[in-house]
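Structural overview for review
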Amino acid sequence: MMRVGMGYDVHKLVENRKLILGGVVVPYELGLDGHSDADVLLHAIKDALLGAAALGDIGRHFPDTDMQYKGVSSLFLLKRVGEIIAEHGYLVHNLDATIVAQRPKVAMYIPEMNCNIAAALGLKIGQINVKATTTEGLGFAGKGEGIAAYAVASILQV
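Description of the structure in this document. (Residues numbered from 1 in each chain as written. Predicted model: local features only at pLDDT ≥ 70, side-chain atom pairs only at ≥ 80, totals over all residues. Heavy atoms only, no water.)

**Focus on the pattern of salt bridges**
Counted according to the given criterion, the structure contains 3 salt bridges. Within this structure, Arg80, Glu83 and Glu87 form a network of salt bridges that share partners. (Salt bridge = Lys/Arg side-chain N within 4 Å of Asp/Glu carboxyl O.)

Right under this line is the structure:
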């Protein structure tokens, strides 16, 4: 049986933080604020995977009140989510995700993001699709105040 989950996340852009998207450090004068490394893309993907398996969300599994997750790599947590999914009898079928940011432009980093995600989950590149869009200057992302990400995941019961 195939199951589908959807994830969404948003983080504020702030000074004195690295901008990490899909496990890639993207050169930019601002970074995303958060308890972990604040990788908004991987947060949305993890929530989509957990949602597809009806296993809650990342806050349930990796609470921001737990200091062991302070500054932790979202790629590490993505690998753990893959293990949780497998422990419950599921395989990841595919992922489709969208980064919403006016700037910086991230298209050139997407192939590396796809590779990082595939490696963390033990998938083939063809099972991962990351894309990016702007909001044409509208809303918090368009004003450069933050970055959002949406993700859809399909998983198969084994």
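Okay, back to it.
**Digging into the side chain of Thr98**
Inspection of the secondary structure assignment puts Thr98 in strand S5 (residues 90-100). When its relative accessible area of 19% is taken as the criterion, Thr98 is described as buried. Here the side chain of Thr98 touches Lys131 through a polar contact of 3.2 Å, side chain to side chain. Sequence-distant contacts of Thr98, defined by excluding residues within four places in its chain, comprise Lys131, Thr133, Ala148, Ala149 and Tyr150. (Helix = DSSP H or I, 4+ residues; strand = E, 2+ residues; numbered from the N terminus. Buried < 20%, exposed > 50% of the residue type's maximum accessible area, 1.4 Å probe, protein only. Polar contact = N/O pair within 3.5 Å; in protein donor to acceptor, adjacent residues only side chain to side chain. Contact = heavy atoms within 4.5 Å.)

**A word on the pairing of strand S6 (residues 128-133)**
In the sheet, S5 pairs with S6 via 6 bridges, with the strands oriented parallel. Across the sheet, the residue bridging to Leu95 is Ile128, located in S6. (Pairing = 2+ DSSP bridges.)

**Here we look at the sheet that holds S5**
What the 5 strands build is an open sheet, ordered S4-S1-S7-S5-S6; its pairing is mixed. The open sheet has two edge strands, strand S4 (31-32) and S6, and neither has a second partner. Taken together, the 2 bridges between strand S1 (residues 2-14) and S4 define a ladder with antiparallel strand orientation. Residue pairing in the sheet places Leu13 in a bridge with Leu32 of S4.

**Here we look at the environment of Ala52**
Positionally, Ala52 belongs in helix H1 (residues 40-52). For Ala52, a relative accessible area of 1% gives the class buried. Distance in space between the C-alpha atoms of Ala52 and Leu156 is 9.4 Å, their sequence separation being 104 residues. Not counting residues up to four positions away in its chain, the partners in contact with Ala52 are Arg3, Val4, Gly5, Ala153 and Ile155.

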